[in-house]
Every structure is written in C-alpha cells, then in structure tokens.
Amino acid sequence: MDARAIARPDPVVKKIDSPEFRSIFTQELKDLIALFERYNFEIRVAGGAVRDILMNMNPKDVDIATTATPTEMKEIFTKENIRMVNMNGEKHGTITPRINDRENFEITTLRIDAITDGRHAEVIHTTDWLLDANRRDLTINSMFLGFDGTLYDYFYGYEDLQKRRVAFVGDPDMRIKEDYLRILRYFRFYGRIAEESNRHDEETLRIITKNAEGLARISGERIWQEWKKILSGNFGIELTEAMINCQLAPHMGLPDAPNVPEFLRVAKQVRSFDPKLQPITVLSALLNTPEDAVNLNMRLKFTVYERELCYFITQNREETATIDELLPFQQLCLQTISSVKLKKEYVLELLKYHGKRELYQQLLDWPIPQFPIKGNVLIANGAPKGPKLGVVLDRLKIIWSNNQYNMTQEQLLEHLPAVLEEINVKKK
C-alpha cells in the first residue's frame, strides 16, 4: 500500500501552545534546538510524547526525530564538545547527547524499515517525515510536533486520539507482520486511551487472531514486559480476556484452555482490595495446575519474586480456599522452602486471591515474631544439614505457632527428637 495514497494531503493539523507542551522546554532542550538550527537540520518531538501532550499529560520522556544521520549528529556533537552516551543505540539510528552535562536526549534519524522478519528490521535512513511516520505501529504514535508548536499528523492519529480509537497505520496485517509484538502493543495502547473496555474494531481483532502464531517468534521477556503493562493498566482484565479470545494464549505460555471464569472471579475480588493489582496474582488464576505455572515461567522468564509468587499461589490456593482463621496463614508466612523464607507478601496476595478481606487486614497488621531457635543450634542437637533442616524448622514452627508463639529455645528443643523421628532422621 502506497503511504502517500492514504496519507493526509496536508500533514499540518494545528498549532499547540498548552502548559504540557511548554513543560518540556528546559534550558538544555532550548540549547539543543538552537544547535540543530545552526547546522540546518530539522528536529521534532516524536511518538509517545506527542500523544501525551495532546492528552493534556506531561510526557515522561521526550523522544526526538531528525533529518540528520547518525554520522552527521556525531560530527556536530564532537565539534561542539558535547558528550555522547549509550552508543548502543547507534545501530538503530539513535544518538544520545548529554547537553550541558545535565540532560540526555535520545535523537533518532528518520528511517524506513527495509527488511523485517517479524521481530527485527533492517533500516534505511531518510529525510522524509511521512515515510518515517508510515513505519510506525499505531496512528496515535505516528505524529510529530515541531518546537514551534506545529502538529504534523500524516495518518489521522489526531482524529483517532479524539475518538479514543486505536488503529494501525495503513494495513494492519502488514504492520503486525513487521513486528508481531505490535499485537500486544495494540492492547496496551487500547488500555491507555480507550474509554470503554470492549469497543474494539472487529476487523482489527480478526487480523490479530489470524496472526496469533507470530507471537511464538517473540521472546518471552518482551511479551511479559508488554503484558504486565496491560494487566496493570485500564481494562487489564478485559483486555487479557480479549487476547485469549484472539487465540494468543498458547503462544504466550498459557495452557491451551486457560481458566477464564476463575480469572474473572479472582480479578473482581483482587480489584476490590486494591485497584493497582499485582499482575501475577490474577494471572495465576488462568493456570489450572502448578505445572502450568512452571511452563508459564519458562516462556515469560519471570523475576524471582514473580516466579515464586506464581508457584506459591498455584500450590496453595486449593487447600486454603475454605480456611477462615488467621493461624494457618500465619504458619504459611513462617514456612521455609529450599532454605528461602516465604515472604509475607505472598500470603497476603493469596488472601487477595481468595477475597478474604478481614484476614488480609489482620495478617497485614501482624508483625512476624522472631523464631527463638537457629539452624546451627538444631544441627548441634542432631538435626540434619541440607534440605531436611528446612523440614525440621517448619515442623518446629508449627508447634511454636500452635502455642501462640510463646515458647523458648529449650522448650522447642524438647520437641526435636519427636520431629526427627517423624521425618525418619536418626540422631547421630
């Protein structure tokens, strides 16, 4: 599809002079603008910062696009004795100068994606702003903003933003095939700008479903980075359900038949505790077995905290579902698995999962008491080293908690022989 055939005849839409626009003008940015003017290269604000300014939000980051090539930028900054940082970006056409030794700016040369394989692109530099806009994923991310306040919009992103509509630039099928991660970016930006949870364009969802298998080519880390933002944002639950309906689940590490009813039930309960939900807690509800949690971690490469929380919830949710007293949940906080003390946060998330609001508050207010006996003392009294020491500790902690945490080291040692006999370890 010819980009010019679908582009707006005149890309200049309006002039902007809002507080959000003015907020970006630090002294460093003013100096950068003057520098590029002096060398006759054009620079504009690009992508997300333009979208944020139009939504009356102060942008967190200001990405800049330019007609200057990376080589030309390096020559300018070297000549002006301006330090450049993070040179890894150069292969993508991005140079990062540090202006006045106070502020970094990522400046990227206009480019065309010449060859794509669904993950990476080989690029050709250009001076044509329309062609750079055409390679971007969504219309709302394809706008530029001149530093005089001129809004340049080639593909009607401004109108889409007013309608809170998420649309791909040009042909959705082509845009997705260039980089399959754009499937998840569609859902993430839907959560960012849409006002209703389920007002998707049916044709867009059909094309996403048709390309679902392409997500298998994308690394788990990149998938989880996007999915976590989706779950943490507006309509995260509804969007995840829509993603599953688009047949994305098996390519993202979920089981073939995720437990959607349980997911919706748990999400409702967790949201009632805290609108800022912990993504892993609700995600665990989609998993049918602890083995599903192992497979999901293998695909998405969770952090240690995320992995252990996912394992903990899937392993403990069934046996704790009907418990309505605090003690068993306190005892879970004290357990040791593979010599790693379970974090109280895991148990709190489990209580959120179950919707046990009163127990959650009681546990939150409960300071974990200091266990009066150390592992080296147990070993000196005949307990085994290694993993079985953790088992001994757990058994003694249960005895201790059943006695309202009111036992001395000596009293606990009296129970050690029975515990050792129970786990078939004979004192040497």
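Just so you know, these numbers come straight off a predicted model, no measurement behind them.

Cut-offs used in this document
Residues numbered from 1 in each chain as written. Predicted model: local features only at pLDDT ≥ 70, side-chain atom pairs only at ≥ 80, totals over all residues. Heavy atoms only, no water. Helix = DSSP H or I, 4+ residues; strand = E, 2+ residues; numbered from the N terminus. Rg over C-alpha atoms; globule rule 2.2 N^0.38 Å. Buried < 20%, exposed > 50% of the residue type's maximum accessible area, 1.4 Å probe, protein only. Contact = heavy atoms within 4.5 Å. Areas by Shrake-Rupley, 256 points an atom, 1.4 Å probe, with all protein chains shown as cover. Axes fitted to C-alpha atoms, helices over the stretch in contact; angles between N-to-C directions. Parallel < 35°, antiparallel > 145°, perpendicular 65-115°, else oblique. Left-handed = near helix turned anticlockwise from the far one by under 90°. Nonpolar A, V, L, I, M, F, W, Y, C, P; charged D, E, K, R; others polar. Salt bridge = Lys/Arg side-chain N within 4 Å of Asp/Glu carboxyl O. Expected span 1.5 Å × (residues − 1). Arc of directions from axis to C-beta. Disulfide = S-S within 2.5 Å. Domains from an automatic or database assignment. Phe/Tyr/Trp six-rings, centres within 6.5 Å; stacked < 30°, edge-to-face > 60°. Lys NZ or Arg CZ within 6 Å of the ring centre and 35° of its normal. Pairing = 2+ DSSP bridges.

## Some points on the overall build of the protein chain
Along its length, the protein chain carries 22 helices and 13 strands. A compact globule built from 428 residues would reach a C-alpha radius of gyration of about 22 Å, whereas the protein chain, at 28 Å, exceeds it by more than 25%. Referenced to the eigenvectors of the C-alpha coordinate spread, the extents of the protein chain come out at roughly 85 × 50 × 40 Å. Taken over 428 residues, the protein chain has a buried fraction of 53%. Sequence separation of at least 24 residues holds for 66% of the intrachain contacts in the protein chain that already meet a minimum separation of 6. Carbon and sulfur atoms provide 48% of the accessible area of the protein chain, an area that totals close to 21,100 Å².

## As for the packing of helix α18 (residues 344-354) against helix α19 (residues 357-364)
Between α18 and α19, the least distance of the axes is 8 Å, while the angle of their chain directions is 165°. Between α18 and α19, the angle falls in the class roughly antiparallel. Remark: the crossing between α18 and α19 carries left-handed chirality. Along its contact with α18, which presents K344, V347, L348, L351 and K352, the element α19 presents L359, Y360, L363 and L364. Taken together, the residues of the contact of α18 with α19 sort by class into seven nonpolar, no polar and two charged.

## Side note on the pattern of salt bridges
Enumeration over the complete set of coordinates arrives at 30 salt bridges. Salt bridges sharing common partners tie together R8, D153 and E159.

## As for helix α3 (residues 27-38)
Over its 12 residues, α3 extends 17 Å from the first C-alpha to the last, a length consistent with the 16 Å expected when each residue adds 1.5 Å. Three or more residues of α3 are buried, namely E28, L29, L32, I33, L35 and F36. All buried residues of α3 fall inside an arc of 160° around its axis, so they share one side. Seen from the buried face of α3, the exposed residues on the opposite side, beyond 90 degrees, are E37 and R38. Those residues of α3 that are buried lie in contact with β2 (43-46), β3 (64-66), α5 (70-79), β5 (94-99), β6 (103-104) and β7 (107-109).

## Considerations on the environment of L327
Tracing the backbone through its elements, the reader meets L327 in helix α17 (residues 327-334). Judged by relative accessible area, which is 25%, L327 ranks as partly exposed. The sequence separation of L327 and Q404 amounts to 77 residues, and the corresponding C-alpha distance is 9.2 Å.

## Overview of the state of the cysteines
Going through the model one piece at a time under the given rule, you end up with zero disulfides. Looking at the unpaired C333, the closest cysteine sulfur is the one in C310, lying at 19 Å. Assessed through its relative accessible area of 0%, C333 is described here as buried.

## With respect to the domain arrangement of the protein chain
As assigned here, the protein chain comprises domain 1 (3-163), domain 2 (172-322) and domain 3 (375-426). The centre of domain 1, based on its C-alpha atoms, is set 64 Å off from the matching centre of domain 3.

## Regarding the packing of aromatic side chains
Enumeration over the complete set of coordinates arrives at 16 aromatic pairs. Aromatic pair W129 and F144: ring centres 5.0 Å apart, planes at 75°, arrangement edge-to-face. With a gap of 15 residues between them, W129 in helix α6 (residues 129-134) and F144 in strand β10 (residues 144-146) connect regions that are remote in the sequence. Considered together, W129 and F144 belong to a single accessibility category, that of buried residues. Plain terms: the ring middles of W224 and W227 are 6.2 Å apart, the flat faces sit at 85° to each other, and that makes the pair edge-to-face. One end of the pair is W224 and the other is W227, both in helix α11 (residues 220-232) and three residues apart, which spans about a single turn. Judged on exposure class, the residue W224 and its partner W227 are both buried. The rings of F168, Y186, F187 and Y190 are connected pair by pair, giving a single aromatic cluster. Above the ring of W129, the side-chain terminus of R44 is found at 4.0 Å from the ring centroid.

## Considerations on the pairing of β2
As defined by bridge partners, β2 adjoins β3 across three bridges and the pair is classed as antiparallel. Bridge assignment links I43 to a residue of β3, and that residue is T66. Relative to β10, β2 is paired through three bridges, and the arrangement is antiparallel. Paired with V45 across the strands is L145, a residue of β10.

## As for the environment of L130
Tracing the backbone through its elements, the reader meets L130 in helix α6. Judged by its relative accessible area of 7%, L130 is buried. With 23 residues separating them along the chain, L130 and D153 place their C-alpha atoms 8.8 Å apart. When residues no more than four places from it in sequence are discounted, the contact partners of L130 are A3, R4, A7, Y154 and F155.

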